[in-house]
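Commentary on secondary and tertiary structure
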Amino acid sequence: MRLASKLIHPPGGTCQHTGAVHVPIYETSTFKQDAPGRNKGYDYSRTGNPTRDALETYIAHVESGRHGVSFSSGMAAITSCLMLLRAGDHLIATAGLYGGTYRLLTQVIEDFGIFSSFVDTGDLAAIEAAFTSSTKALLVETPSNPLMRISDIRAIAALAHRRGALLMVDNTFMSPWLQRPLELGADLVIESATKFLNGHSDVLAGLVSTNDDGLARRLKQIQNAVGAVPSPLDCWLLMRGMKTLAVRLSHEQASAGRIAEWLSRRPEVERVLYPGLETFDGYEVHRAQADGPGAVLSFVLGDGLNAGTFVSSVSVWTLAVSLGAVESIITQPSRMTHLSYPREELARLGLSDNLVRLSVGLEDPDDLIADLETALDLTRKPG
Amino acid sequence: MAMATRKIGSTECVHSGVSTCETTGSVAPPIVHSAPFTFESIGAALDYLEGRSTRRQPEYGRMANPTVTCVESRLAALEGAEKAQLFASGMAAITTLLLCTLKSGDHVVLTSDCYKRTRDFCEGSLSKFGVTTSVVAPSLEAIEGAIGSATRLVFTETPTNPFQYVVDIEGLAKLGRERGVLTVVDSTFATPVYLRPLEFGIDLVVHSATKYLGGHNDLIAGVVAGRAELVQPIADLLATLGGICDPTTAFLLGRGVKTLALRMARHSANGQAVAEFLEGHPRVRKVFYPGLASHPHHAIARKLMLGFGGVVTFLLDADREGTARFIDRLKIPSLGPSLGGVESLVEQVILFGYLDIPPEERQRLGVPDNLVRLSLGIENTEDIIADLQQALNDV
């Protein structure tokens, strides 16, 4: 079955008992047992819930994995994956990754004796150089958020495995519709399912998939012990959203391509960061590992233009954090999603106040372009 | 001698009907959102359609839904009914019931003090199909006097809205049997915790489940319950008319019913205390609450019912503007229609449904400008009374 069909027909999608074509929403905390310890497959919803099970089977199915594990947010998914490590372990992470992940690594996980090096993972030699004898895992975003830095998943997987480390890939910008890191050798693929997978700005969830039975067992244990589980209703809404992932993202990607081209021709725009542009650094690597450039892009406004004014001047775009929704979202990362970084670190990364991130939704691209044009006009005007 | 309804409490509210999911043990019914309900094969479909299968779920969600069916089983148990059917709203329940049981040439007897849209439907929509309606006072004598050879159905609320008259439903049931007339009671104000009309021999009981049954001001639903031979044709017509209850609403309703007995006790305590407080207040002309000795139907209410709920209707000693000022000064109850939720609500009765009617006609319908209906929630009694006190000071 091809992926678009797999997205519509998850295994066991039809209810065996009633014929319902959707999984029931089991809003229950506990399950009645026949005798102590003898139950019908479930005892408590933190440990397992039929609606959540269906979601976990579904995500594994579309990520080309054997196991799926779900969490209450993308950050809960990343946190749970990091709990596979122990004090003294070292992590290599993509420089300039999402501010929430940076905050987790530098302000929380470090307290437990797990230290991270932030490295340009688009540069294999830099990764190699960052390895220490205690490096146990790599956490890679590709494309990275918001600089769209491309990392070569196949090559990094080979390097990581040669050095005995796990490769975790945060695939949020692509979703399995466009990129399936497990097929490229990653050990774990992490999705903030809040974004493209759900796609409707109405659920927070995180998903992890793997082909490794041992890692899956350990993650299920962490999921149950730590308890950051998604609610049955959120699981159900997420599955509902996933059914339209292919049509949504394909449409959004086509619009993003047009918007990227348009921005590239604007004199006010210094640089467009989008792996769909042939001139973009990483274009070839991305093309070799993904089925498309996606629907998120960033661009740098020229000197003298105030990005804060620009992002506040739109009317069709929604000024907000998050991405991957049916609504187009515009963000100024340095002041919104990456606040946890020290200012000097942002400057070093090239993550300036002039950087704007776009997540293209389902609106007519002509409306989106016209809105950006109006906002550029308003930003150029003095005063 | 009429006997009050058998007491039912939280045990019944929590456990009656199908309560745990047989396939997983889930203690809450799963919410099954599905339009079609598929079959393994043509053979399996034929087995179902020709009655050879153990499957109970029809092929399409408009005909039945597993979550809805589960909640219906709980409501049927609470009402002492063979079968209950949920609807998209109380009005969907009432209109489907009437459209199912009546035909051209039939006559309906309706009691005067009832929800305006029920009356409008009978006098307006049903008259288009050749059904005639008599509207009479909510008393057994008046109802009996209106029954003629073409009378097919008597519909009354008890307690009525908003004056809370209580009809002798045991007498009504007997009358219905003698005269071959179907008796229907809208029991929204009483709930099965306080009154179970079917136990007195009434044929069908109707609720706006939006009110006390749901209890949280967060859903809209209706229910009809009674003998299967009467409810099944209504369910069949519903599958055609389509005013069905959705599974999430049914789930929330079933969840609300679990605390019904607890909530009713609090609603009633607030109702009685507030009714007594208002009755003793110089700025209040008259209070209508069946728990007050001054209510014209207090004796029959005490005989039939186990409690009186949280709706208190009263006439303020004020004109239209003074009444509006009083309501606007209230801090705890929100201004809005509906009733029966945990949050208190208040309305100037003329506001919702009567504004387009001239004042003289409103007066004739018994809905004067200074009529206020309070639906007391489960807030602290002293807080509610203090709030009423401060607002009354301004009248």
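Please read these numbers as outputs of a predicted model, since none were measured by experiment.

Okay, the overall build of chain B next. Along chain B, the regular secondary structure elements total 15 helices and 12 strands. Compactness check: chain B gives a C-alpha radius of gyration of 21 Å against a globular reference of 21 Å for 395 residues, within 12% of the reference. With the C-alpha coordinates aligned to their principal axes, the bounding extent of chain B is approximately 75 × 50 × 45 Å. With 395 residues in all, chain B has 50% of them scored as buried. Across chain B, the fraction of contacts at a sequence separation of at least 24, relative to all contacts at a separation of at least 6, is 74%.

This next bit is on the interface of chain A and chain B. Taken together, the contact between chain A and chain B spans 21 residues of the former and 19 residues of the latter. Its residues placed into classes, the side of chain A that touches chain B shows 8 nonpolar, 10 polar and 3 charged.

All names here are of chain B. Counting buried positions over the 5 residues of strand 12 (residues 371–375) gives 5, a clear majority of the element. Burial along strand 12 is two-sided: Leu371, Arg373 and Ser375 and Val372 and Leu374, pointing in opposite directions, are all buried. Across 5 bridges, strand 9 (residues 311–316) lies against strand 12 in antiparallel orientation. Bridged to Thr313 within strand 12 is Arg373. Bridge count for strand 11 (residues 345–348) against strand 12 is 4 bridges, and the pairing is antiparallel. Looking across to strand 12, one finds that Val346 is bridged to Leu374.

The next subject is the domain arrangement of chain B. A common way to state how big an interface is: give the accessible area lost once the parts meet. Residues and elements named next belong to chain B. We note that the domain assignment places domain 1 (10–257) and domain 2 (260–392) within chain B. A separation of 27 Å is found between the C-alpha centroids of domain 1 and domain 2. Contacts between the two partners involve 26 residues from domain 1, matched on the other side by 28 residues from domain 2. For the side of domain 1 that touches domain 2, the secondary-structure elements that each account for two or more residues are helix 1 (10–15) and helix 8 (191–194). For the side of domain 1 that touches domain 2, the element with the highest residue contribution is helix 8, accounting for 3 residues. In the side of domain 1 that touches domain 2, the residues fall into 15 nonpolar, 7 polar and 4 charged.

This brings us to the domain arrangement of chain A. Residues and elements named next belong to chain A. Domain boundaries assigned for chain A yield domain 1 (3–242) and domain 2 (246–380). Just the C-alpha atoms count here: the centres of domain 1 and domain 2 sit 26 Å apart. With 31 residues of domain 1 at the contact, the number on the domain 2 side is 34 residues. Where the side of domain 1 that touches domain 2 is concerned, the elements lending two or more residues are helix 1 (3–8), helix 4 (99–108), helix 6 (153–162) and helix 7 (175–178). For the side of domain 1 that touches domain 2, the class distribution of residues is 17 nonpolar, 9 polar and 5 charged.

Residue and element names in this part refer to chain B. Reading across the sheet, the 7 strands line up as 1-7-6-5-4-2-3 and stay open at both edges, with mixed pairing between neighbours. The sheet is open, and its two borders are formed by strand 1 (83–87) and strand 3 (132–136), each paired with just one other strand. Ignoring which end each strand starts from, the neighbouring axes of this sheet average 20° apart. Where strand 1 meets strand 7 (residues 222–226), 5 bridges bridge the pair, whose relative direction is antiparallel. Its bridge partner lying in strand 7, Phe87 is registered against Gly222. Those strands touched by helix 5 (residues 116–128) are strand 2 (107–111) and strand 3, and its axis lies near 160° from that of strand 3. Sheet strands touched by helix 7 (residues 169–179): strand 4 (151–157) and strand 5 (182–186). Its angle to strand 5, the strand with the most contacts, is close to 155°.

It is worth spelling out the sheet that holds strand 11 of chain B at this point. Residue and element names in this part refer to chain B. Sheet architecture is open: 5 strands sit in the order 8-9-12-11-10, paired in mixed fashion. The open sheet is flanked by strand 8 (284–288) and strand 10 (334–335), the only strands paired with a single partner. Sheet strands in contact with helix 11 (residues 260–279) are strand 8, strand 9 and strand 12, and its direction is about 10° off that of strand 9. The sheet strands contacting helix 13 (residues 320–329) are strand 9, strand 10, strand 11 and strand 12, and the helix crosses strand 11 at an angle near 165°.

With that out of the way, let us pick up the packing of helix 4 (residues 90–101) of chain B against helix 9 (residues 228–241) of chain B. All names here are of chain B. Axis separation between helix 4 and helix 9 bottoms out at 9 Å; the angle between their running directions is 110°. Comparing their axes, helix 9 and helix 4 come out roughly perpendicular. Classified by chirality, the crossing of helix 9 by helix 4 is right-handed. Together, Thr96, Leu97, Leu99 and Cys100 of helix 4 and Pro233, Ile234, Leu237, Leu238 and Leu241 of helix 9 make up the contact between the two elements. Partitioned by chemical class, the residues of the contact of helix 4 with helix 9 number 8 nonpolar, 1 polar and no charged.

Residues and elements named next belong to chain A. Their axes nearest at 8 Å, the elements helix 2 (residues 50–62) and helix 9 (residues 232–242) cross at an angle of 35°. For the element pair helix 2 and helix 9, the recorded crossing hand is left-handed. Contacts between helix 2 and helix 9 involve Thr51, Arg52, Ala54, Leu55 and Tyr58 from the former and Pro232, Cys235, Trp236, Leu238, Met239 and Met242 from the latter. Within the contact of helix 2 with helix 9, the residues separate by chemical class into 9 nonpolar, 1 polar and 1 charged.

Residues and elements named next belong to chain A. With 6 of its 7 residues buried, strand 4 (residues 135–141) lies for the most part within the structure. Here strand 2 (residues 90–94) pairs with strand 4 via 4 bridges, running parallel. By the bridge assignment for strand 4, Leu91 is matched with Ala137. Summarising the sheet, strand 4 and strand 5 (residues 166–170) pair through 5 bridges and their orientation is parallel. By the bridge assignment for strand 5, Leu139 is matched with Met168. For the crossover that starts at strand 4, traverses helix 6 and ends in the parallel strand 5, the hand is right-handed.

Right, let's talk about unusual backbone geometry for a bit. Here the residue pair A:Thr142 and A:Pro143 is connected by a cis peptide bond, since its omega of -5° sits within 30 degrees of zero. Within the secondary structure, A:Pro143 sits in the loop between strand 4 and helix 6. The step from B:Asn161 to B:Pro162 runs through a cis peptide bond, and the omega angle for that step is 10°. With respect to the helices, strands and loops of the structure, B:Pro162 is situated in the loop between strand 4 and helix 7. Despite not being glycine, B:Thr191 shows a phi value in the positive range, around 65°. Mapped onto the secondary structure, B:Thr191 falls in helix 8. Its identity as a non-glycine residue notwithstanding, B:Asn217 has a phi of 55°, on the positive side. You can see B:Asn217 is positioned in the loop between strand 6 (204–208) and strand 7.

Rules behind the numbers
- Residues numbered from 1 in each chain as written.
- Chains lettered and ligands numbered in written order.
- Predicted model: local features only at pLDDT ≥ 70, side-chain atom pairs only at ≥ 80, totals over all residues.
- Helix = DSSP H or I, 4+ residues; strand = E, 2+ residues; numbered from the N terminus.
- Rg over C-alpha atoms; globule rule 2.2 N^0.38 Å.
- Buried ≥ 20, exposed ≤ 12 C-beta atoms within 10 Å, placed from the backbone.
- Contact = placed C-beta atoms within 7 Å.
- Nonpolar A, V, L, I, M, F, W, Y, C, P; charged D, E, K, R; others polar.
- Pairing = 2+ DSSP bridges.
- Domains from an automatic or database assignment.
- Axes fitted to C-alpha atoms, helices over the stretch in contact; angles between N-to-C directions.
- Parallel < 35°, antiparallel > 145°, perpendicular 65-115°, else oblique.
- Left-handed = near helix turned anticlockwise from the far one by under 90°.
- Right-handed = clockwise from strand over helix to strand, strands pointing away.

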